[in-house]
Structures are given as structure tokens and as C-alpha cells.
Amino acid sequence: MKRFLVFLIIVFTLTLFGEELIVYTYDSLLPFAREAFPLFEKETGVSVQVRTFGDAGALLSKLIAEKGQTEVDVVIGIDNLLARRAFDEGLFMSYLPENAHLIRDLNLIFDPLWRLTPYDYGAIAFIYDKSELGTLSLSSMDELTQNRFSKSIIIEDPRTSSTGLSFLMWTYALYGDNFIDFWKKFKNSILTITLGWDDAFEKFEAGEAPIMVSYATDGAYSYQYYGDVYYGTLIPGGKGYVQIEGAGIVKWSTKKELAKKFIDFLISPEAQKHIPLNQWMFPVVEVEMPECFKYALDPAEVVTVRNVDVEEVIRLWEGIIY
């Protein structure tokens, strides 16, 4: 029996060492990959080959185009909005990580079948000019429809901006099908709608409006790189919409056991501690957070959407705005 166990260990070791795992992801994950993945390589002796394809939307399109025809094993970066399309295409196998119990909030598990495992999350928020508005504290999103905020807010277009789409989904998560009524009232508070976050921030910094839709970690980023926090950050009522990003094992991988180990590693504290300062998102397990994250807002309550027809929500939004 002992000889048989030794034989199994040798076979298992030979199977792992000298192998290569191919990971598809989006461009901006590279800083995290460069810091964290060598830990996995050192632990297993397996080489992790990272290939990037622009943003998350381009990544998913690439995977669908190569469905079953490519050598990828693991995909990192499919968020809770893109997940529905990925599931419809049947791209991922189910896998419940051995350390899934470490995930600190069950609301972060956006796929009950575990085709995608959450590895980070971040909230959409408003940033505002404290010198003009003082310190804002709003009990609900509805307060932003008041006349005192008329033509005061810059938002991004959900058809061209992931930030804008997340904000639209935030309102859907809060109001459900009544989100239409909210937007009818909120329309008066909008100064302009930009194509993307960069355009919006440029206008915000130029003083065109005192509020814009941005991210809850903006304060942390500002403190880390500029030594100060210049703008206020606001999540009305503490109910924040979070973008949750997930990783999954493609069904046609020939290295599924190794891929499972990589998913386990991805949500381990050893890997997760590299999330905050590279992704500017929150890790999904408890780790020691950098000092600058005391200036990031973590929603008191997470709201999100599942299995929503995003195209239909955008179509209804267009009917109100244009």
C-alpha cells in the first residue's frame, strides 16, 4: 500500500512539474499577474503563461471566437455583467474551490454553479468637489434628484463606458423595473454624458460640474500617489453596486486538475494581498489592507444584479435620455 502511495505521489509530481498553464485575461491585470503568479510557479513548478486581449469585453469575444479551438486553460476577468453571455456560450466548467469558505461575503458569489469564482470587487461611487459642496452625506440615491443638484453631475454613457454601464446597473439594482422612474427625475441633475471616464474626469477637474460618477477607491489611489485626498467620495445610503470579477476554467482545458489548483491559489490570502495596489479593487478574502485604503469606500451593503437583460435595460435608458 505504501509503495502504491509513493507511486501516486511520483506520478502526480511528474504530471505537474515542467508543465505550463495558459491564462487569458485583460491588459490591466498584468501588474497583479507579475507580482502574484510567480508565487504559484514557485509552489508548483508550473509555468504560467499570461496572454492579454484588451479589455474584458474583448477578452470574452476572443474566447467565444476560439471556442474549443484554443489551448487556454483559465480565463481571468469576466465580471458579473459579462457572465451571462459567457454562460450562454457554455465556456466554463463548474468548480468549487477548496478554499471557497474564505470568501468573506456570500453576495460576492455571483454564480451559484461556480463556473466563475470571484477574485476581486469594487464599487461605483460619486466623487465630488468638497470646496464647493462641503461634506455630502445622502441617505439615498433619490436625493440626487433634488433641485439643488440640477445640472451638477457628469455621468458616462453606458453604451461606450464600463463605468457608465455599472452606474446604470447600480440604479437597476436599487430600483428594479422602477429604475425608469428614477432616471426620469435624475435626468435634470445631469450636466453632460461623456463617452468614457477620462472625458468625465477632465470635465470634473476643469470645474464644469461638482460631481461625477467614478469609483469608491479613488481616494485610496489619490492618497497613495499624491499624498492627499482631494475629492469627497459618496455612496448614497451606503448601498453600493459592485463590479465583481471572476475567473473560470474553460471546458476544453486539458489541464483541469492544474487549473483547479490555480483557481484555489487565486483566492488564497497569498495572492489576494496583491489585489489592492494593483487592481485598485477589494480582495474577496480577508487580508491586511494598505494604509491608503482607509480612504476607499467599502459599501455597507452590496447590491448587484444577476441574469438581467443588459441590452434591454440600455434600450429603456435611451428612451428616457434621448
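Residues numbered from 1 in each chain as written. Predicted model: local features only at pLDDT ≥ 70, side-chain atom pairs only at ≥ 80, totals over all residues. Heavy atoms only, no water.

The name given to the chain in an unreviewed UniProt entry is ABC transporter substrate-binding protein, with the source organism recorded as Kosmotoga pacifica.

Caption draft 1: Structural view of the domain arrangement of the chain. Along its sequence, the chain is carved into domain 1 (20-121 + 243-290) and domain 2 (123-241 + 296-321). If you average the C-alpha positions of domain 1 and of domain 2, the two centres end up 27 Å apart. Contacts between the two partners involve 13 residues from domain 1, matched on the other side by 19 residues from domain 2. Buried area between domain 1 and domain 2, both sides added, is near 1,500 Å², and the carbon and sulfur share of it is 58%. At the boundary of domain 1 and domain 2, one finds zero salt bridges. Summed over the shared surface of domain 1 and domain 2, the number is four residue pairs in polar contact (both at pLDDT 80 or more). The class makeup of the residues in the side of domain 1 that touches domain 2 is seven nonpolar, three polar and three charged. (Domains from an automatic or database assignment. Contact = heavy atoms within 4.5 Å. Buried area = accessible area lost by both parts, 1.4 Å probe. Salt bridge = Lys/Arg side-chain N within 4 Å of Asp/Glu carboxyl O. Polar contact = N/O pair within 3.5 Å; in protein donor to acceptor, adjacent residues only side chain to side chain. Nonpolar A, V, L, I, M, F, W, Y, C, P; charged D, E, K, R; others polar.)

Caption draft 2: Expanded view of the side chain of Thr 145. Within the secondary structure, Thr 145 sits in the loop between α5 (130-133) and β5 (153-156). For Thr 145, a relative accessible area of 18% gives the class buried. A polar contact is formed between the side chain of Thr 145 and the backbone oxygen of Asp 142, at a distance of 2.6 Å. (Helix = DSSP H or I, 4+ residues; strand = E, 2+ residues; numbered from the N terminus. Buried < 20%, exposed > 50% of the residue type's maximum accessible area, 1.4 Å probe, protein only.)

Caption draft 3: Geometry of the pattern of salt bridges. Scanning the entire structure with this criterion turns up 12 salt bridges. A salt bridge links Glu 286 to Arg 104, with the shortest nitrogen-to-oxygen separation between them at 3.7 Å. Of the two residues, Glu 286 is situated in the loop between β10 (282-283) and β11 (301-303) and Arg 104 in the loop between α4 (83-88) and β4 (117-128); the sequence distance between them amounts to 182 residues. What makes Arg 104 partly exposed here is its relative accessible area of 29%. Overlapping salt bridges, with partners in common, bring together Asp 157, Arg 159 and Glu 318 in one network.

Caption draft 4: Examining the pairing of strand β1 (residues 20-25) more closely. With five of its six residues buried, β1 lies for the most part within the structure. As judged from the six bridges shared by β1 and strand β2 (residues 47-52), these two strands associate in the parallel manner. Residue pairing in the sheet places Tyr 24 in a bridge with Arg 51 of β2. Read as a crossover between parallel neighbours, the route from β1 over helix α2 (residues 30-44) to β2 is right-handed. Here β1 pairs with strand β3 (residues 74-79) via two bridges, running parallel. (Pairing = 2+ DSSP bridges. Right-handed = clockwise from strand over helix to strand, strands pointing away.)

Caption draft 5: Main features of helix α13 (residues 310-321). In this model α13 runs 16 Å from its N-terminal to its C-terminal C-alpha over 12 residues, within 8% of the 16 Å that 1.5 Å per residue would give. Among all positions in α13, only Val 310, Val 313, Ile 314, Trp 317, Ile 320 and Ile 321 are buried. Down the axis of α13, the buried side of the element spans an arc of 115°, and every buried residue falls inside it. In α13, the exposed positions angled more than 90 degrees off the buried face are occupied by Glu 311 and Gly 319. (Expected span 1.5 Å × (residues − 1). Arc of directions from axis to C-beta.)

Caption draft 6: Representation of the packing of aromatic side chains within the structure. Applying the stated rule across the entire model yields 29 aromatic pairs. Between Tyr 221 and Tyr 225, the ring centres sit 4.7 Å apart and the planes meet at 45°, which makes this aromatic pair tilted. Taken as a pair, Tyr 221 and Tyr 225 lie in helix α9 (residues 218-226) at a separation of four residues, close to a single helical turn. You can call Tyr 225 partly exposed: its relative accessible area is 48%. Through pairs of rings, three or more aromatic residues link up here, namely Phe 126, Phe 167, Trp 170, Tyr 175, Phe 182, Trp 183, Phe 186, Trp 317 and Tyr 322. (Phe/Tyr/Trp six-rings, centres within 6.5 Å; stacked < 30°, edge-to-face > 60°.)

Caption draft 7: How the structure looks around the environment of Asn 188. Here Asn 188 is to be found in the loop between α7 (179-186) and β6 (190-194). Residues Asn 188 and Gln 146, 42 residues apart in the sequence, show an inter-C-alpha distance of 8.8 Å. Apart from residues no more than four positions distant in its own chain, Asn 188 is found in contact with Asn 147, Ser 150 and Lys 151.

Caption draft 8: Representation of unusual backbone geometry within the structure. Phi at Lys 151 takes a positive value of approximately 50°, unusual for a residue other than glycine. Positionally, Lys 151 belongs in the loop between α5 and β5.

Caption draft 9: Fine view of the nonpolar core. By size, the foremost hydrophobic cluster in this structure holds 104 residues, and its most contacted members are Phe 37, Ile 76, Phe 126, Phe 167, Met 169, Trp 183 and Phe 262. The biggest single contributor to this core is β4, with seven residues. Counting the residues that make up this core, at least three belong to each of domain 1 (20-121 + 243-290) and domain 2 (123-241 + 296-321). Excluding its chain neighbours within four sequence positions, the residues that come into contact with Trp 183 are Ile 155, Phe 167, Leu 168, Thr 171, Ile 190, Trp 317, Ile 320 and Ile 321. Counting residues in each nonpolar core, the second largest holds seven residues, with Ile 127, Ala 200, Phe 201 and Ala 209 among its members. (Core = buried A, V, L, I, M, F, W, Y, C linked by side-chain atoms within 4.5 Å.)

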